[in-house]
There are 2 protein chains.
Amino acid sequence: MKDVAARAGVGLKTVSRVVNGEPGVTPDTVQRVQSAIEALGFRRNDSARVLRKGRTASVGLVLEDLADPFYSSLSRAVEEVARDHGSLLFTGSSAEDPEREQELALAFCARRVDGLVIVPASQDHRYLQPEIAAGIAAVFVDRPAEQLEADAVLTDNAGGVREGVTHLIRQGHRRIAFIGDQRRIHTAGERLRGYRETMADAGLPVDESWVSMGPTAAERVQAEVTRMLQGPEPVTAVFAGNNRVSVTALRVLVNQPRPVALVGFDDFELADLLSPAVTVVAQDPARLGRTAAQLLFRRLEGETGPPQRLELSGRLIVRGSGEVAG
Amino acid sequence: MKDVAARAGVGLKTVSRVVNGEPGVTPDTVQRVQSAIEALGFRRNDSARVLRKGRTASVGLVLEDLADPFYSSLSRAVEEVARDHGSLLFTGSSAEDPEREQELALAFCARRVDGLVIVPASQDHRYLQPEIAAGIAAVFVDRPAEQLEADAVLTDNAGGVREGVTHLIRQGHRRIAFIGDQRRIHTAGERLRGYRETMADAGLPVDESWVSMGPTAAERVQAEVTRMLQGPEPVTAVFAGNNRVSVTALRVLVNQPRPVALVGFDDFELADLLSPAVTVVAQDPARLGRTAAQLLFRRLEGETGPPQRLELSGRLIVRGSGEVAG
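The rules behind each value
- Residues numbered from 1 in each chain as written.
- Chains lettered and ligands numbered in written order.
- Predicted model: local features only at pLDDT ≥ 70, side-chain atom pairs only at ≥ 80, totals over all residues.
- Heavy atoms only, no water.
- Helix = DSSP H or I, 4+ residues; strand = E, 2+ residues; numbered from the N terminus.
- Buried < 20%, exposed > 50% of the residue type's maximum accessible area, 1.4 Å probe, protein only.
- Contact = heavy atoms within 4.5 Å.
- Pairing = 2+ DSSP bridges.
- Axes fitted to C-alpha atoms, helices over the stretch in contact; angles between N-to-C directions.
- Phe/Tyr/Trp six-rings, centres within 6.5 Å; stacked < 30°, edge-to-face > 60°.

With an unreviewed UniProt entry as reference, chain A is termed LacI family transcriptional regulator, source organism Wenjunlia vitaminophila.

> For this particular structure, what's the right way to read the environment of V318(B)?
All names here are of chain B. With respect to the helices, strands and loops of the structure, V318 is situated in the segment after β12 (315–317). Look at V318 and you get partly exposed, because its relative accessible area is 48%. When the C-alpha atoms of V318 and A200 are compared, they prove to be 24 Å apart, with 118 residues separating the residues in sequence. Once you skip the residues sitting within four places of it in the chain, V318 turns out to touch H167, T279 and E323.

> Sorry, what's going on with the sheet that holds strand β8 (residues 237–240) of chain B here?
Pairing between the strands of a sheet is mediated by backbone hydrogen bonds and can be parallel or antiparallel. Residues and elements named next belong to chain B. Judged by pairing direction, the sheet is mixed, and its 6 strands sit side by side in the order β7-β6-β8-β9-β10-β12 without closing on themselves. Either end of the sheet is taken by a strand with one partner, and the two such strands are β7 (211–213) and β12. Adjacent strand axes in the sheet meet at a mean angle of 15 degrees when their direction is disregarded. Where strand β10 (residues 279–282) and β12 come together, 3 bridges link them in antiparallel fashion. Its bridge partner lying in β12, V281 is registered against L316. Against the sheet, helix α8 (residues 157–170) engages β6 (176–180), β8, β9 (261–265), β10 and β12, with an angle of about 170 degrees to β9. Along the sheet face, helix α11 (residues 243–253) touches β6, β8 and β9 and points at about 160 degrees away from the line of β9.

> Could you clarify how one ought to interpret the packing of aromatic side chains in this entry?
All names here are of chain B. Across all of its chains, the model carries 9 aromatic pairs over all chains by this definition. Note on F70 and Y71: the rings are 5.1 Å apart at their centroids and 85 degrees apart in plane angle, and the pair reads as edge-to-face. Overall, the relative accessible area of 6% leaves F70 in the buried class. Under the relative-accessibility criterion, Y71 is labelled buried at 5%. Pairing F178 with F239 gives two aromatic rings, centres 5.9 Å apart and planes at 5 degrees, and the pair type is stacked. Note that F178 is positioned in strand β6 and F239 in strand β8, a separation of 61 residues in sequence.

Following this line, the structure appears as C-alpha cells:
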C-alpha cells in the first residue's frame with residue numbers, strides 16, 4: 001500500500017479510503033489510486049484468496065430475468081465456464097430494477113465471490129468502484145457498464161437491426177414498425193438507432209406511430225401491434241426488438257386476414273417449426289456468456305491491461321416470416 | 001442447549017456435535033436431538049439473524065438446469081416470493097450431478113442463507129442434517145428429498161401421465177411409446193409408473209421396445225423416436241415424458257408421412273401455435289415454485305410441525321396433436 005500511495009502521490013489514508021470505498025475522495029484521486037493499484041498489480045483479492053484457501057471459489061452472475069430463455073442460455077454458458085475453472089456460480093436477477101442490481105452485486109461481494117458477470121439494469125455503476133479496487137473482477141455482458149470503465153461483451157445491436165430492416169426493405173416494405181423494450185435499456189436504444197439509421201439511409205420516412213418502446217409485457221405489445229395494423233395506412237411489416245416481443249407479435253399476426261412480415265431480434269426455440277417459420281436476427285447468448293466468463297477468469301488469473309469491449313455480430317436467419325412481400 | 005440435551009437425554013457435547021454436523025453420533029441420536037430442537041423451537045438461526053442484523057437476508061435455490069424453461073419459471077416464482085419477503089435469491093444449477101447439488105447447497109449455507117429450496121439430483125440428503133439442525137430451513141420442490149424427512153412440493157406425476165395416456169387410448173391407440181428422462185430421477189420414475197399402470201388397467205400389453213428412459217439430449221430422443229416409428233408394427237402415439245422430449249419428438253414427427261399422435265408432459269411456449277398444436281399434461285412450474293417458497297418462509301417465520309408433502313395436479317390441455325386417431 002505504501003508503493004501505491006507513493007505512485008499515486010497521495011497519503012496512505014487516502015489509499016485506504018479508496019480501497020474501502022469510503023467517501024471524501026475526489027473522482028480524480030480515485031482514478032489515480034486505481035491506476036497505481038493496477039500498475040503495481042496489487043490486488044487485495046490475492047491475499048484474501050489465500051486466507052480462505054479450502055473454501056469453494058465462486059463467481060456471481062446478475063442478470064435481468066431468469067425466465068427469459070435468452071438469459072437462461074447465457075447463464076448456462078457462464079456456469080459451464082465457471083465449472084471448468086472449479087468455481088461455483090451464484091445467479092440472481094434484477095428484473096430491470098437498478099436498485100435490485102446493486103443490492104445483488106454487493107450481496108455477492110459481501111459473500112466473497114471472486115468476480116462478477118453483470119447484465120446491467122443500472123445507469124450508474126460507480127457503486128462497484130470500491131469492490132473493484134478491493135480486487136473483485138467484473139465483466140459486463142449484453143449491455144455495457146455506465147459511468148465506469150469496465151470490461152464488456154456485447155452484441156452489435158445496431159448492426160444486427162440494420163441487417164433485418166434492410167432485408168424487409170428489399171422485400172418491398174416501406175411502412176415498417178419497430179417495437180422495442182424500454183428506451184433507457186442500452187440494447188433497446190441501440191436497436192432503435194439501427195432501425196432509424198437504416199430507414200433514413202434508404203430514404204424512407206418514419207411515422208412516429210410505427211415506433212413503440214416500453215415494457216415487453218404481452219398486453220402492451222399486443223395492443224401496440226393491433227393498433228399499428230389498423231387505420232387506412234397500416235404497417236406491412238414488424239421488426240420485433242427482442243424475443244419476448246416476437247412471441248407476442250406472432251400471436252397477433254397469425255389472426256390477420258392478410259400476411260404481415262415479421263423479423264425478430266433474437267432467435268427462439270421452435271421459431272423454425274411455426275408456419276410461417278420466423279425470420280430472425282440471431283444473437284448467440286451462449287457465446288456472449290462464454291466470452292464474458294472467459295474474460296472474467298483471465299482477469300482473475302491476473303491478466304491486466306485496460307478494459308476491453310468485445311462485440312459479437314448478429315446473424316440473419318431467413319425462414320419465411322420476413323419474406324412476405326410488401 | 002441445556003434444555004435440548006435434557007429433553008433428548010444426551011450430553012451437551014452431543015447436542016453440539018449434532019448442531020455442528022460433527023461425526024460420531026448415531027442416526028438415532030441425531031434424530032432424538034433434532035426432535036428435541038424442533039419441540040423446543042430452538043433455532044440457532046434466530047440468534048444468528050440478530051447477529052447479522054443489517055445484512056441482506058437471502059435464500060438459495062438449487063435447481064437442475066438454468067436453461068430449461070420449466071425451471072426458469074419455477075425460479076422466477078421463488079424469486080418473487082423471496083422479494084416479497086425482503087430477501088435476495090441466489091440460484092445455482094446441479095446439471096443432474098448429485099455432488100454438484102451438495103456442493104451448491106453447502107456453499108449457500110456457508111454463505112449464511114436463511115433457507116434453501118432444492119430441486120434434488122442426489123439420492124441421499126443426509127448431508128443436510130447438520131445444516132437443518134443448525135437452523136437452516138429446506139424445502140424440496142419437483143422431487144422429494146431422499147433419506148431425509150423434509151418438506152416437499154410436488155406434482156402428481158403418475159396421475160398426470162394417467163390422464164394423458166388414457167386420452168390417447170380413447171382416441172384408439174394401442175401401441176403407445178413412452179420416452180422419459182433417466183430412471184433414477186424421481187419424476188421420471190413416477191411418470192413411467194403412471195404409463196405402465198394405465199396401460200395395464202386398460203388391458204394393453206407394453207412391448208419393451210416402446211419404452212425408452214435416458215438423458216433427454218436431442219440426439220438420443222431423436223434416435224429413439226425414429227426407431228419406434230420403423231418396422232412392421234410402429235407405435236401410433238408418443239407420450240413424451242417432459243418438455244425437452246416433446247420438443248425433440250415434434251421435430252421427428254413433422255417429417256412423418258402419416259400423422260403420429262403426441263401428448264407431452266409439461267406445457268411449453270408456442271405449443272399452441274404449432275400445427276397441429278400440441279396436447280400436453282401441464283404442470284404449473286410457477287405454482288410449484290411459489291408454493292415451495294411460501295412454505296419456506298412460513299418455516300423461517302417459525303411454523304413448526306412435521307414435514308409437509310404438498311402435491312399439485314397436472315392438467316390435460318387438448319390442442320390437436322393428441323387427438324390424431326389411432
